Amino acid sequence: MPEIEFDTWFADGDVDWRGQLAEIGQQHRFFRIAGESTIWVTRYDDMREIMHDWQLFSPNDSAGRGAGNSRDDGTKSADIYLLPPNEEGARLLDIRHGLMPMFSPAEARRWAPRMHEVARDLVSGFVGQGEVDAVSAFARRYFPYIGAEWIGAPREDWDWLTDLEGRAFVAPSNPQSRMLDLQNDAMMAIIDYCKHLVALKRKSPDNSLTSFALTLELEGRPITDAEAAAIVAEACLGSGHTVAAQIGYVLKYLSQHEALRRRVAHGSAEELDRIFEELLRMFALWGHERWVTRDTEFHGLSLKKDVLLFLAWPLGNFDRSPNRHLTFGTGPHQCLGRHWARVSGTVAIAEWHRQIPEYELEPGTSVVEQIYAGVGYHALPLRWAVDPSTAS
């Protein structure tokens, strides 16, 4: 098994780590990062096969640890996990089918006017300044605000909740302590808040995702408050930082590609949809991990039970045949929020360019990108010429 030197945590913003992975993938079907036991899978078809066979390749190992979520001491926070091992299939189908009305393309489009309003208000707040950190002032506020409203959080809690979402997945920059603590204070505060929100909506239901989750049945019985809170927590933890990262990638790329930026700013909505879809392929976030549930052979590779596999979506996306990209995964664990991500992403980019059609990366800026957990840029300083009529 080839062992490759590759920093899976951070990259300078000018480092093409996806291109580096593509070169590795052209040479090796499977490989390991030097010093690690996880096996990386590089082929599109192999990734699809793994993700579609959840019984052989599971998000949990035989001890019930979720992939990527085990602690050094082998423990985990049970409150984080919605789908325990051995029950995953039936419960997963119940949950996904039950939630589909809230995650459908039609529901995402129904929210589009509100997305436009939130994005427009955020950009209006800094357009007159001529410069901004597009991550902290826009990307990490826009969809978390939408998400907070969607789950039924009162307006006075949005900024607090958004700040927690921004901190929950930020990894330590010290190479000696690069273990993302999935029981960190920010993440646990979000989980506790979702429990609190479920209790409120149980007493006073409304049209929020939280109230909707409380109406579900799992395996023929009413959902428990703990299960509903897990759904809401996963909606928060799985969306805010990923949509923010995608917006950051798109804005940085467009800031450096003038012709494409002008097509986005002045083209049709249909053209923006096509461009954004291609940028989703180009800037796929990190990937998914899967545990092998029994000894098996996989395309000539002997795999032992409880071996951990990693599927880096950017590697699969370099296959430019007629395949659909893997940015949202595939199979029974395909991202449930993909329709929301597409609609909200195009809305954010449209509203930004409606008010700031020309901009550039602040000269001399060294942008740090957190590869791990799909966090993206920690900051993205952009600047533009100010229209005197909008100057602050």
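Residues numbered from 1 in each chain as written. Predicted model: local features only at pLDDT ≥ 70, side-chain atom pairs only at ≥ 80, totals over all residues. Heavy atoms only, no water.

### As for the pairing of strand β12 (residues 308-312)
(1) Moving on: With 5 of 5 residues buried, β12 lies mostly within the body of the structure.
(2) Moving on: Residues L308, F310 and A312 point to one face of β12 and L309 and L311 to the other, with burial holding for every one of them.
(3) Moving on: Two elements, strand β4 (residues 39-41) and β12, share 3 bridges in a ladder whose sense is parallel. What sits directly across from V41, in β12, is L311. (Buried < 20%, exposed > 50% of the residue type's maximum accessible area, 1.4 Å probe, protein only. Helix = DSSP H or I, 4+ residues; strand = E, 2+ residues; numbered from the N terminus. Pairing = 2+ DSSP bridges.)

### Section: the sheet that holds strand β15 (residues 376-377)
(1) Moving on: Ordered in space as β2-β14-β15, the 3 strands form an open sheet in which the pairing is antiparallel. At either end of the open sheet lies a strand with only one pairing partner, and these are β2 (10-12) and β15.
(2) Moving on: Here strand β14 (residues 368-370) runs beside β15; their pairing, made up of 2 bridges, is antiparallel. Looking at β15, one finds that E369 is bridged to Y377.

### Comments concerning the pattern of salt bridges
(1) Moving on: Under the definition given, this model contains 21 salt bridges.
(2) Moving on: One salt bridge in this structure joins R29 and D46, with 2.7 Å as the shortest N-O distance. Of this pair, R29 sits in the loop between α1 (17-27) and β3 (30-33) while D46 is found in helix α2 (residues 44-52), placing the two residues 17 residues apart along the sequence.
(3) Moving on: Taking the relative accessible area as the measure of exposure, D46 reaches 2% and is therefore buried.
(4) Moving on: Through salt bridges with shared partners, one network takes in E258, R261, R262 and E358. (Salt bridge = Lys/Arg side-chain N within 4 Å of Asp/Glu carboxyl O.)

### Comments concerning the sheet that holds strand β13 (residues 360-361)
(1) Moving on: One open sheet holds the 3 strands; their spatial order is β6-β16-β13, and the pairing between them is antiparallel. Each edge of the open sheet is held by one strand with a lone partner, namely β6 (131-133) and β13.
(2) Moving on: Pairing analysis gives 3 bridges linking β6 to strand β16 (residues 381-383), with the strands arranged antiparallel. Across the sheet, V132 pairs through a bridge with L382, a residue of β16.

### What about the nonpolar core?
(1) Moving on: If you look at the biggest cluster of nonpolar residues, it comprises 91 residues, and the most contacted ones within it are F138, Y142, L251 and W352.
(2) Moving on: With 11 residues, the single largest contributor to this core is helix α6 (residues 134-151).
(3) Moving on: Not counting the four nearest positions on each side in its chain, L251 is found in contact with A134, F138, I349, W352, H353, Y359, L380 and L382. (Core = buried A, V, L, I, M, F, W, Y, C linked by side-chain atoms within 4.5 Å. Contact = heavy atoms within 4.5 Å.)

### Side note on the side chain of E107
(1) Moving on: Structurally, E107 can be placed in helix α4 (residues 105-110).
(2) Moving on: With relative accessibility at 12%, the residue E107 sits in the buried group.
(3) Moving on: Of note is the side chain of E107, whose polar atom sits 2.9 Å from the side chain of R110.
(4) Moving on: When residues no more than four places from it in sequence are discounted, the contact partners of E107 are P101, M102 and W340. (Polar contact = N/O pair within 3.5 Å; in protein donor to acceptor, adjacent residues only side chain to side chain.)

Nothing here speaks to function; it is geometry throughout.
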